[in-house]
Amino acid sequence: MNLISKFKETVFSVLPVMLIVILLSLTAAPLGLNLLLRFLLGGFMLIFGLTFFLLGVDIGIQPIGEQSGAALTSKRSLPLLLVVSLIIGFLVTVAEPDIQVFGDQIHSVFSSVNKTQLVFMIASGVGLFMAFGLFRTIISMNLKLTLLVCYTAIFLLAFAAPSAMRGVAFDSGGATTGPMTVPFILALGVGVSRVRAGKNSDSGESFGLTGITSIGPVAAVLIYSLFLNKNGFENLVSSSSHSELNQAGLGIFGELLPHAFYEAAVSLLPIVLMLIFFQVFLLKLPPHKLIRISIGLIYSFLGLAVFLLGVNGGFMAAGSRLGFLLGSKACSLGGFWYFLLIFTGFVLGAVVVCAEPAVWVLTEQVENLSGGAIKRKLMLVFLSAGAASAIALAMWRALSGFNLMYLLIPGYALSLLLMIFSPSLFTGIAFDSGGVASGPITSTFVLSFTIGASAASDGNADSFGVIALVAMTPLIAIQILGIIYNMKVRNRNNSIQNGGA
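A. Expanded view of the overall build of the chain. Scanning the chain for helices and strands turns up 20 helices and zero strands. Residues classed as buried in the chain amount to 59% of the 501 residues present. A separation threshold of at least 6 residues defines the contact pool for the chain, and within that pool the share at least 24 residues apart is 87%. A total accessible area of about 19400 Å² is found for the chain, and carbon and sulfur atoms account for 68% of it.

This is the structure:
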């Protein structure tokens, strides 16, 4: 049953993080009974909410994308495809749960950042670059050259933007590729591939749409930050606000319930309106399919509401408090506590990546594409080590406050350099999977944990960038595996030729 499968996926994603928090709460960083109970209840809500949301995506939301993509491509109208894909990208991003949580976290740190404006800017960036990515696929523009030009422009723009918002901008690129957005991107990409069927093209060019789309929100947030009131960047969460987290009891869930349902309704309303519009003018689906899609939308609504309730009621609060407690001890005592905070980040990174269902799908895909030359276990080791190192570095930066560009520039420079040697197929997969490692747990608990640790050293702005660092990992890891795969193929071909000689 699909429900059971989704439940297993979410349990495997959330439960390891819950066990780590319980262990730390019972030893190094006591959360207090109220907050610990809120965290546990919030964690179970996260599991059940995400389960029903993902089930709704499969039943209701993904079919809308697939049907729309097929119908649009059948029209053979490039302007229609690009305009509608822009609208779809905007609407599904507004409904993305990771973006809703991400917007709340940004506003909690920067007073001048309006959540609605930020979400709309991110969604606009997704829509524009989704359309651009589809256009690139249709005209067979070289993927590697496109990525090189786009990322060069992004980093030039980053140096013009306020330094405090650079981490937010790059984080948004990883936060957008969530369970809502990716199915639509993939569906439209499949539709365009059908249009181009029969054309001779590099197999690697069929990938890369998700990777290009994720560049859009980074650019959009950087541009948005240029127009913000710079004084708002100084209004950071104070340490006193973290001490208040213990005071609320389980009743906080009842208080947040109406807001959770409101947020879920507002998030899914654009999807419903889009379905109605497409049904009238484009799809003409039979009644039984409409009923099934409607049931899926109801599942998604209820799941999203429960997910947001669990995240805001206890999950993020406990993560922030835990990070603050460990960060405070690291700042005041140093030594062992400094190491413990960084080590905790390292363990969280390894656990989060290994527990992310999308990572397992990705590793299986690469193993199949390489004909078994690149083993899934080897790829998991690469991704796990990379994400673990990324979050450990984020913990170090949260305490020391060094410039995020010191990490992002070398990392992306290496990613772009590896494109020269990596097969196009693996480059496309690498940039497509940049957001795979940064799933719901990274966007909720890990970011909150980092915000708490940074607040302990009076530097909340230094917490942003952790999603970007995690999302950067696959760009390097998968391309290195592609180079290894190329070497194995060459060696095998040479052996065959020498044997034939």
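B. Main features of the nonpolar core. Counting 145 residues, the largest nonpolar core has F110, F170, F315, L326, L408 and F445 as the members making the most contacts within it. Filtering out sequence-adjacent residues up to four positions away, L326 remains in contact with L24, A28, A29, W337, L340, L341, T344 and F449. Core analysis: the second largest hydrophobic core is formed by seven residues, V126, M130, L134 and L209 among them.

C. Region of the structure containing empty space enclosed by the protein. Counted under the stated rule, the structure contains one cavity of 30 Å³ or more. In this model, the largest cavity occupies a volume close to 170 Å³. Considering only residue class, the lining of the largest cavity consists of 10 nonpolar, six polar and no charged.

D. Up close: the packing of aromatic side chains. Evaluated as defined, the whole model comprises 21 aromatic pairs. Aromatic side chains F39 and F445 sit 6.2 Å apart centroid to centroid with 55° between the ring planes, which places their arrangement in the tilted category. Of this pair, F39 sits in helix α2 (residues 33–74) while F445 sits in helix α19 (residues 440–456), placing them 406 residues apart in sequence. Neither F39 nor F445 differs from the other in exposure class; each is buried.

E. The packing of helix α6 (residues 143–160) against helix α17 (residues 405–418), seen in detail. Interhelical geometry of α6 versus α17 gives an angle of 165° and a closest axis separation of 11 Å. Considering the angle they form, α6 stands roughly antiparallel to α17. Considering how the two elements wind past one another, α6 and α17 form a crossing that is left-handed. In this structure, α6 uses L147, L148, Y151, F155 and F159 to contact α17, whose residues at the interface are M405, L408, I409, Y412 and L416. Classifying every residue of the contact of α6 with α17 by side-chain character gives 10 nonpolar, no polar and no charged.

F. Highlighting a nonpolar patch on the surface. Where nonpolar side chains cluster on the molecular surface, the patch consists of L269, V272, L273, I276, F277, V280 and F281 and spans about 670 Å² of accessible area. Judged by relative accessible area, which is 47%, F277 ranks as partly exposed.

G. Highlighting helix α1 (residues 2–26). Helix length check: α1 (25 residues) gives 36 Å between terminal C-alpha atoms against 36 Å at 1.5 Å per residue, within 8%. Every buried residue of α1 is accounted for by K6, T10, S13, V14, V17, M18, I20, V21, L24 and S25.

H. Spatial organisation of the pattern of salt bridges. Considering all chains together, one arrives at three salt bridges under this definition. When the shortest N-O distance is used, the salt bridge between D58 and K6 registers 2.8 Å. Note that D58 is positioned in helix α2 and K6 in helix α1, a separation of 52 residues in sequence. Between E263 and K115 there is a salt bridge; the shortest N-O distance is 2.8 Å. Placement of the pair is E263 in helix α12 (residues 251–283) and K115 in helix α5 (residues 115–139), with a sequence separation of 148 residues.

I. Quick peek at the environment of H107. On the secondary structure map, H107 appears in helix α4 (residues 97–109). Separated by 2.7 Å, the side chain of H107 and the backbone oxygen of V113 make a polar contact.

J. Summary view of the environment of S384. Here S384 lies in helix α16 (residues 376–400). If near-sequence neighbours (up to four positions away) are discounted, S384 is found in contact with A350, V353 and C354.

K. Geometry of the packing of helix α3 (residues 78–94) against α12. At their nearest, the axes of α3 and α12 sit 7 Å apart, and the two run at 150° to each other. Taken as axis vectors, α3 and α12 run roughly antiparallel relative to one another. Residues V84, I88, L91, V92 and V94 of α3 form the contact with α12, whose own contacting residues are S267, P270, I271, M274 and F278. When its residues are assigned to classes, the contact of α3 with α12 shows nine nonpolar, one polar and no charged.

L. Region of interest: unusual backbone geometry. The backbone of S140 sits at a positive phi, close to 60°, despite the residue not being glycine. Within the secondary structure layout, S140 lies in the loop between α5 and α6. One non-glycine residue, K284, adopts positive backbone phi at about 55°. Considering the arrangement of structural elements, one finds K284 in the loop between α12 and α13 (287–333). Taking relative accessible area as the criterion, K284 reaches 57% and is therefore assigned exposed.

M. View of the side chain of E263. Given a relative accessible area of 14%, E263 falls into the buried group. Other than its neighbours up to four places away in sequence, E263 contacts Q100, K115 and L308.

N. The confidence of the model for the chain, seen in detail. In the predicted model, the chain carries a mean pLDDT of 83, and 87% of its residues have values of at least 70. Here residues 198–204 is a poorly scored stretch, pLDDT under 50, and it has seven contacts once near neighbours within four places are set aside; other chains count. Across residues 235–243, confidence stays below pLDDT 50; counting only partners more than four residues off in sequence or on other chains, it has 20 contacts.

The rules behind the values
- Residues numbered from 1 in each chain as written.
- Predicted model: local features only at pLDDT ≥ 70, side-chain atom pairs only at ≥ 80, totals over all residues.
- Heavy atoms only, no water.
- Helix = DSSP H or I, 4+ residues; strand = E, 2+ residues; numbered from the N terminus.
- Buried < 20%, exposed > 50% of the residue type's maximum accessible area, 1.4 Å probe, protein only.
- Contact = heavy atoms within 4.5 Å.
- Areas by Shrake-Rupley, 256 points an atom, 1.4 Å probe, with all protein chains shown as cover.
- Core = buried A, V, L, I, M, F, W, Y, C linked by side-chain atoms within 4.5 Å.
- 1 Å grid on protein atoms, 1.4 Å probe; cavity = no way out; pocket = protein on both sides within 12 Å on 5 of 7 lines; lining within 4 Å.
- Points joined across faces, edges and corners; volume = space filled by probe spheres on them.
- Nonpolar A, V, L, I, M, F, W, Y, C, P; charged D, E, K, R; others polar.
- Phe/Tyr/Trp six-rings, centres within 6.5 Å; stacked < 30°, edge-to-face > 60°.
- Axes fitted to C-alpha atoms, helices over the stretch in contact; angles between N-to-C directions.
- Parallel < 35°, antiparallel > 145°, perpendicular 65-115°, else oblique.
- Left-handed = near helix turned anticlockwise from the far one by under 90°.
- Patch = residues over 30% accessible without salt bridge, like charges linked within 9 Å, V, L, I, M, F, W, Y side chains within 5 Å.
- Salt bridge = Lys/Arg side-chain N within 4 Å of Asp/Glu carboxyl O.
- Expected span 1.5 Å × (residues − 1).
- Polar contact = N/O pair within 3.5 Å; in protein donor to acceptor, adjacent residues only side chain to side chain.
- pLDDT = per-residue confidence, 0-100.

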